[in-house]
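Okay, here's what each chain looks like letter by letter:
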Amino acid sequence: MPAVTTTLRALVFSAVASLALTGCQTLDDAGRALGHAELVNEVAARMDEAMELTYTADYQLVGGQTASIAQEQKPSRTSYTYPGGKLTVTKEATTECQTTDQPVCTLAAPPATGKPTVAVFTEAKRRGLVTPPVVMGMLTTAALDPAATIRQSDTTLAGFHATCVEVSQVADPFSACVTNEGVLGSFTGTVEGKSVELALTRYTTSVEPAAFEVPAGAGVVDRRPTEA
């Protein structure tokens, strides 16, 4: 559903190849960019594989708040729940809900390609949930920046081994960890001027049906185009 990593990986290697062929960078610069791309490719491959999984991942956010990502394959659908809101993407609609005060959900047309653009995650980011497609976009940008420093380390999150990538020497330094299963394990950094921190607290290969339902009592506004 939300996988954009295959495209991002292709972009990285295409750009790196171009850098290596121009006379505008030294061999060291090209070599450093290639190293960045290889690391991003490794993390992207895990996330690509995770797009074929059914799972629920729960996260701890700053201030004791929580968020979750639920993904199912049959039917193909994904739900992102965060403080004050919820985003669900299916083949029928992209549904964005605000759950503070009087809950209301707005239905928009589903992604034309079946894969939502990073733009649909604006509200989730604002409320503290950085999604895998957003993280991959940030990693790709860093991989193409010859000034960026990208370091790798390993850790364990919620009992699962994870590879961590720390990006520095950029305008907004950040670190992100991805489990061996391809699930986003943690993120710490600044996204569009907002400090964000999350960590995986639970991962399971099952999903509750309620994860894809609109909140109880929520009003629904259907803005999907109607057929003539």
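Draft legend 1. Summary view of the confidence of the model for the protein. When pLDDT is averaged along the protein, the result is 81; 80% of the residues meet or exceed 70. When mean pLDDT is compared element by element in the protein, strand β1 (residues 55-61) scores highest at 97, while helix α1 (residues 5-21) scores lowest at 42. pLDDT under 50 marks residues 1-34. Its contacts with residues more than four places away, or in other chains, come to 52 contacts.

Draft legend 2. Layout of the sheet that holds strand β6 (residues 104-108). One open sheet accounts for 12 strands, arranged β7-β8-β9-β10-β11-β1-β2-β3-β4-β5-β6-β12; its pairing is mixed. Looking at strand neighbours, the two that pair on one side only are β7 (149-157) and β12 (219-222), the edges of this open sheet. Strand-to-strand twist of the sheet, defined as the mean angle between neighbouring strand axes without regard to direction, takes the value 15°. Where β7 lies against strand β8 (residues 160-168), nine bridges are found, and the strand directions are antiparallel. Following the sheet pairing, D154 is matched in β8 by T163. Sitting on the sheet, helix α4 (residues 132-143) is in contact with β2 (66-73), β7, β8, β9 (174-179) and β10 (184-191), with an inclination near 65° to β10.

Draft legend 3. Fine view of the pattern of salt bridges. Enumeration according to the criterion identifies six salt bridges in this entry. The closest approach of N and O atoms between E42 and R46, which form a salt bridge, is 3.7 Å. Here R46 and E42 lie together in helix α2 (residues 27-50), a separation of four residues that amounts to about one turn. On the accessibility criterion, E42 (33% relative accessible area) is partly exposed. The exposure class of R46 is buried, given its relative accessible area of 16%.

Draft legend 4. Examining the layout of surface pockets more closely. Within this model, the largest pocket holds a volume of roughly 170 Å³. Considering only residue class, the lining of the largest pocket consists of six nonpolar, two polar and two charged.

What counts and what doesn't
Residues numbered from 1 in each chain as written. Predicted model: local features only at pLDDT ≥ 70, side-chain atom pairs only at ≥ 80, totals over all residues. Heavy atoms only, no water. pLDDT = per-residue confidence, 0-100. Helix = DSSP H or I, 4+ residues; strand = E, 2+ residues; numbered from the N terminus. Contact = heavy atoms within 4.5 Å. Pairing = 2+ DSSP bridges. Axes fitted to C-alpha atoms, helices over the stretch in contact; angles between N-to-C directions. Salt bridge = Lys/Arg side-chain N within 4 Å of Asp/Glu carboxyl O. Buried < 20%, exposed > 50% of the residue type's maximum accessible area, 1.4 Å probe, protein only. 1 Å grid on protein atoms, 1.4 Å probe; cavity = no way out; pocket = protein on both sides within 12 Å on 5 of 7 lines; lining within 4 Å. Points joined across faces, edges and corners; volume = space filled by probe spheres on them. Nonpolar A, V, L, I, M, F, W, Y, C, P; charged D, E, K, R; others polar.

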